[in-house]
Amino acid sequence: MGTSTASGITPPTIEPGPAVADFDFYMGSWQVHHRRLVRRLAGSDEWQEFEGTSTAWPILDGAGNIDDNVLQLPAGAYRAISLRTFDPATDRWSIWWLDGRSPTRLDPPVVGGFRDGLGTFMGNDTFEGRPIIVRFRWSDITPTTARWEQAFSEDGGSTWEVNWVMELTRTS
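In every chain, residue numbers begin from 1 and rise along the written sequence. Local features in this predicted model are restricted to residues whose pLDDT is 70 or higher, and side-chain atom pairs enter the listing and the counts only when it is 80 or higher, whereas totals over whole chains, interfaces and linings include all residues. Side-chain calculation: all heavy atoms of the structure are included, whereas hydrogens and water are not.

K.L.:
Is there a simple way to explain the environment of Leu71 in this structure?
P.N.:
For the purposes of this entry, the term helix denotes a DSSP run of H or I that reaches at least four residues, the term strand denotes a run of E that reaches at least two, and both are numbered from the N terminus. Within the secondary structure layout, Leu71 lies in strand 3 (residues 64-73). Here, two residues are considered to be in contact whenever any of their heavy atoms come within 4.5 Å of each other. Contacts of Leu71, omitting those with residues within four sequence positions, involve His34, Phe50, Glu51, Gly76, Ala77, Tyr78, Ala80 and Trp164.

What follows is the structure in structure tokens.
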């Protein structure tokens, strides 16, 4: 008999497909070179570069994962986490970001998956009070390297401003 929820309704069991393994490449420890726009959605081309680390491990019997990040900003280091969960009903991943400087607020999730080696995840958010679409992209994935980028769109996805790039190199 299945496990009941607080409502007393037993949720259906759906076996995950192969996409549940999409983030297996990321498990372990990484050195991260960050490149981030100083001002976002302001027409700026001034980038700030800094180092960091990321350590990822599986949760939920492989249907999720967490990474713990140390970001060495010039103004001082801070920590943040990403939480990823896989929904076997939709074959999609959801990703949330929690900035350790604002530990009571999870950013709205971006949702998506991988196709032909490119991971694309999108979601609605606001930036400085304006509605935006946020896009995360994972690319250039090898056993020892990966690339992540974040972009914002103010026009419903017609144009994108890439505002943060991480180049990752495995350390373990």
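After presenting the structure, the write-up continues.
K.L.:
It is not clear to me how the pattern of salt bridges should be interpreted in this structure. Could you clarify?
P.N.:
Pairing between side chains becomes possible if they bear opposite charge and their charged atoms approach one another. By definition here, a salt bridge exists when the distance from a side-chain nitrogen of Lys or Arg to a carboxyl oxygen of Asp or Glu is within 4 Å. Counted according to the given criterion, the structure contains eleven salt bridges. In this structure, Asp67 engages Arg84 in a salt bridge whose closest nitrogen and oxygen atoms are separated by 2.6 Å. Of this pair, Asp67 sits in strand 3 while Arg84 sits in strand 4 (residues 76-87), placing them 17 residues apart in sequence. Exposure categories follow from relative accessible area, calculated using a 1.4 Å probe and restricted to protein chains: below 20% of the type maximum is buried, above 50% is exposed, and the middle band is partly exposed. A relative accessible area of 1% places Asp67 in the buried class.

K.L.:
Would you mind showing me how to read the sheet that holds strand 4 here?
P.N.:
Strand pairing within a sheet occurs via backbone hydrogen bonds; the two strands may be parallel or antiparallel. Around the barrel, which closes on itself, the ten strands sit in the order 1-2-3-4-5-6-7-8-9-10 with antiparallel pairing between neighbours. Strand after strand, the sheet turns through a mean of 25° between neighbouring axes, direction not considered. Two strands are counted as paired when DSSP detects at least two bridges linking them. The sheet contact formed by strand 6 (residues 110-115) and strand 7 (residues 118-127) spans five bridges and is antiparallel. Within the sheet, the bridge partner assigned to Phe114 lies in strand 7 and is Gly119. Comment: axis = line fitted to C-alpha atoms, over the contacting stretch for helices; angle = value between 0 and 180 degrees taken between N-to-C directions.

K.L.:
Just to check I follow, could you spell out the packing of aromatic side chains for this structure?
P.N.:
The way to describe two aromatic rings as a pair is by their centre distance and the angle between their planes. Two rings from Phe, Tyr or Trp (for Trp, the six-membered ring) form a pair when their centres sit within 6.5 Å of each other. Planes less than 30 degrees apart are called stacked, planes more than 60 degrees apart edge-to-face, and all others tilted. Counting across every chain of the model gives 16 aromatic pairs. Aromatic side chains Phe23 and Trp138 sit 6.1 Å apart centroid to centroid with 80° between the ring planes, which places their arrangement in the edge-to-face category. In this pair, Phe23 sits in the segment before strand 1 (28-37) while Trp138 sits in strand 8 (residues 130-139), placing the two residues 115 residues apart along the sequence. Under the relative-accessibility criterion, Phe23 is labelled buried at 1%. The exposure class assigned to Trp138 is buried, which follows from its relative accessible area of 2%. Centroid distance Trp148 to Trp164: 6.0 Å. Interplanar angle 80°. Geometry classified as edge-to-face. Highlighted residues: Trp148 in strand 9 (residues 145-153) and Trp164 in strand 10 (residues 161-170), separated in sequence by 16 residues. Placement of a positive charge over a ring is assigned whenever Lys NZ or Arg CZ falls within 6 Å of the ring centre and within 35 degrees of the normal to the ring plane. Against the face of Trp164 rests Arg36, its NZ or CZ located 5.1 Å from the ring centre. Geometry around Tyr78 places Arg101 over its ring, the cationic atom sitting 3.6 Å from the centre.

K.L.:
Honestly, the pairing of strand 4 in this entry has me stumped. Any pointers?
P.N.:
Looking along a regular strand, one sees the side chains alternate between the two faces of the sheet. Bridge count for strand 3 against strand 4 is ten bridges, and the pairing is antiparallel. Bridge assignment links Gly64 to a residue of strand 4, and that residue is Thr85. From the end of strand 3 to the start of strand 4, which pair antiparallel, there are two residues. Of the strand pairs in this sheet, strand 4 and strand 5 (residues 92-99) are connected by eight bridges, and their pairing is antiparallel.

K.L.:
Would you mind going over the nonpolar core with me for this structure?
P.N.:
Here is a general trend for soluble globular proteins: nonpolar side chains tend to be buried in one another's company. What we call a nonpolar core is a set of buried Ala, Val, Leu, Ile, Met, Phe, Trp, Tyr and Cys residues that are connected through their side-chain atoms within 4.5 Å. Residues Tyr26, Phe121, Trp138 and Leu168 are the most contacted members of the largest nonpolar core, which totals 32 residues. Here the element with the most residues in this core is strand 8; it accounts for four residues. For Leu168, the contacting residues outside a window of four places in its chain are Tyr26, Trp30, Gln31, Val32, Trp138, Thr144, Thr145, Ala146, Arg147 and Trp148.

K.L.:
Would you explain the side chain of Arg36 in this entry?
P.N.:
When you line up the elements, Arg36 lands in strand 1. In this tally, Lys and Arg are treated as positive and Asp and Glu as negative; His is ignored, and so are the chain termini. Here Arg36 is buried and forms no salt bridge, its nearest opposite-charge partner Asp99 lying at an N-O distance of 6.7 Å. Beyond its immediate stretch of four places on either side in the chain, Arg36 contacts Glu46, Trp47, Gln48, Phe50, Leu73, Tyr78, Asn163 and Trp164.

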